[in-house]
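The lines below spell out each chain.
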Amino acid sequence: HGEPLIVDDVRQDDRYYPRIAQDHAYPTHSILAVPMIVRGNVIGVLQVLNRTSGTRFTPADQELLTAFSAQSAVVIENARLYQSLRDERDRIVAVEEEVRHRLARDIHDGPAQMLAAVIMGTSFVREALTHERMDVALKELDEMVPVAEKALRQLRTLLFDLRPVTLETKGLIPALESYARMLGQNERFTVELHVADEVPRLTHSAESVIFQVVQEAISNIRKHANASHVDVRVAVEKGGQLAVSVQDNGVGFDTAQIERASEEKGSLGMLNMRERARTVNGVLGVVSQPGQGTTVSLRVPIKPNLARVTEADATQPLVSA
Ligand SMILES: Nc1ncnc2c1ncn2[C@@H]1O[C@H](COP(=O)(O)OP(=O)(O)OP(=O)(O)O)[C@@H](O)[C@H]1O
Ligand SMILES: [Mg+2]
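What counts, and where the lines are drawn
- Residues numbered from 1 in each chain as written.
- Chains lettered and ligands numbered in written order.
- Predicted model: local features only at pLDDT ≥ 70, side-chain atom pairs only at ≥ 80, totals over all residues.
- Heavy atoms only, no water.
- Pairing = 2+ DSSP bridges.
- Helix = DSSP H or I, 4+ residues; strand = E, 2+ residues; numbered from the N terminus.
- Donors = N, O, S within 2.8 Å, 3.2 Å for Na, K, Ca; no water.
- Buried < 20%, exposed > 50% of the residue type's maximum accessible area, 1.4 Å probe, protein only.
- Near = heavy atom within 4 Å.
- Polar contact = N/O pair within 3.5 Å; in protein donor to acceptor, adjacent residues only side chain to side chain.
- Areas by Shrake-Rupley, 256 points an atom, 1.4 Å probe, with all protein chains shown as cover.
- Patch = residues over 30% accessible without salt bridge, like charges linked within 9 Å, V, L, I, M, F, W, Y side chains within 5 Å.
- Salt bridge = Lys/Arg side-chain N within 4 Å of Asp/Glu carboxyl O.
- pLDDT = per-residue confidence, 0-100.
- Contact = heavy atoms within 4.5 Å.
- Axes fitted to C-alpha atoms, helices over the stretch in contact; angles between N-to-C directions.
- Right-handed = clockwise from strand over helix to strand, strands pointing away.

**So, the pairing of strand S4 (residues 190-195)**
On any regular strand, side chains alternate: one points to one face of the sheet, the next to the other face. Where S4 lies against strand S5 (residues 229-236), six bridges are found, and the strand directions are parallel. What sits directly across from Thr190, in S5, is His229.

**Quick word on the coordination of the magnesium ion (ligand 2)**
Around the magnesium ion (ligand 2), the protein supplies Glu216 (OE) and Asn220 (OD1) as donor atoms, at distances of 2.0 to 2.4 Å. Within this pair, Glu216 and its partner Asn220 are both found in helix H6 (residues 204-225), separated by four residues, close to a single helical turn. Of the two residues, Glu216 and Asn220, both sit in the buried class.

**A closer look at the site of ligand 1**
Around ligand 1, 18 residues are found, and the nearest of them are Arg102, Arg105, Asn220, Lys223 and His224. Here an oxygen atom of ligand 1 and a side-chain polar atom of Asn220 are 2.8 Å apart. Asp248 places a polar side-chain atom, nitrogen or oxygen, 2.9 Å from a nitrogen atom of ligand 1. For ligand 1, whose free accessible area comes to 590 Å², the fraction covered by protein is 91%.

**A few points about the environment of Glu88**
Looking at the secondary structure, you find Glu88 in helix H2 (residues 59-130). On the accessibility criterion, Glu88 (27% relative accessible area) is partly exposed. Through-space distance from the C-alpha of Glu88 to that of Thr279 is 8.4 Å; in sequence the pair is 191 residues apart.

**Details of a nonpolar patch on the surface**
Together, Leu129, Met134, Leu138 and Leu141 give the surface a local cluster of nonpolar side chains, amounting to about 370 Å² of exposed area. Top contributing element to the nonpolar patch by residue count: helix H3 (residues 134-162), with three residues. Within the secondary structure, Leu138 is located in helix H3. According to the relative accessible area criterion, Leu138 is partly exposed, its value standing at 47%.

**Considering the confidence of the model for the protein chain**
Residues at a pLDDT of 70 or more form 96% of the protein chain, whose mean pLDDT is 88. Residue range residues 311-315 is modelled with pLDDT below 50. Its contacts to residues more than four positions away, or to other chains, number 10 contacts. Segment residues 317-321 is flagged for pLDDT under 50; beyond a separation of four residues in sequence, or across chains, it makes 13 contacts in the model.

**Some words on the environment of Ala137**
Secondary-structure assignment places Ala137 in helix H3. For Ala137, a relative accessible area of 3% corresponds to the buried category. Among residues more than four places away in sequence, those in contact with Ala137 are Val125, Ala128 and Leu129.

**Regarding the sheet that holds S4**
One open sheet accounts for five strands, arranged S4-S5-S6-S8-S7; its pairing is mixed. Every interior strand has two partners, whereas the edge strands, S4 and strand S7 (283-288), have only one. Taken over all neighbouring pairs, the strand axes of this sheet differ in orientation by 10° on average, direction set aside. Here helix H8 (residues 269-279) sits on the sheet in contact with S7 and strand S8 (294-301), set at roughly 145° to S7.

**Considerations on the pairing of S5**
Handedness of the crossover joining S4 and S5 through H6 is recorded here as left-handed. In terms of strand pairing, S5 meets strand S6 (residues 241-248) through seven bridges, oriented antiparallel. Looking at S6, one finds that Asp231 is bridged to Gln247. Where S5 hands over to S6, the hairpin turn is made up of four residues, of which Gly240 adopts a positive phi near 80°.

What follows is the structure, given as structure tokens:
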């Protein structure tokens with residue numbers, strides 16, 4: 001109950017749990033117990049048993065143990081905090097590693113293969129020209145150009161994904177604007193960005209989490225949705241949340257089934273989005289049904305993630321918390 005306690009004879013006290021003493025063959029007579037308290041929370045109890053002289057525990061004993069307990073509690077709490085910081089860091093490192101992995105795979109499957117095709121094409125053209133087959137050479141060139149253009153587009157997208165410069169310099173909304181513009185030029189779907197009037201500037205880490213979630217949602221749309229239109233919305237909700245959603249009109253999917261299958265397939269996109277959201281106390285939601293399109297939404301509490309004034313930029317109005 002958060003209060004120190006002296007029990008002179010445990011056999012007279014039905015709160016006493018005798019098993020531990022029996023297990024250790026340590027006959028217990030008297031107990032002095034004090035709570036270990038950190039910032040008002042009891043995190044444990046420190047007990048001493050059987051005063052050596054056989055006499056009773058005194059208030060002075062209790063005072064001494066209470067002081068000792070307060071110090072130990074702080075030490076234990078610090079160790080726990082340190083451990084949870086390390087766990088957090090390990091998780092972030094794992095997510096970053098995963099992102100590099102996927103980037104490598106995307107380059108391998110995309111631009112690298114297209115470049116290989118273009119190189120093969122050039123030797124084919126050369127061969128045709130040495131045999132004076134202009135028609136064959138021209139036809140091959142006509143096929144090569146779109147492949148090279150596509151490789152360039154994909155590389156530009158990858159570069160943008162890797163280092164959204166606008167995000168660092170101007171913040172979330174300008175970054176989303178230029179991202180949407182770039183997608184509009186390079187993708188088969190159109191992208192429309194809807195932004196609420198007053199979006200406050202958040203810390204750099206919160207803004208990059210939001211941006212990365214949008215990127216992963218877009219990358220899923222590109223790969224799986226076969227959509228013709230995407231709406232990206234940024235709104236400030238009544239409860240002090242920034243809500244960002246990415247909605248496509250594509251094929252949709254069965255969320256429960258995918259969740260079950262994702263472990264064996266080793267697909268990590270959704271998991272990464274959830275993990276990232278958690279680092280800024282955000283919550284990710286995915287709503288989808290076959291034939292009904294997909295909406296990925298992220299809610300981030302504004303107040304704990306507000307940028308300090310020095311971090312903010314004049315291009316977005318600051319809302320006082
Ligand atoms: N916008 C979408 N439209 C249709 N299906 C989707 C959409 N987003 C996700 N999915 C489905 O959900 C699955 C899981 O997505 P997730 O991003 O976790 O993995 P992935 O994209 O397959 O692989 P990874 O992201 O690791 O490259 C996808 O394989 C796809 O079947
Ligand atoms: Mg994915």
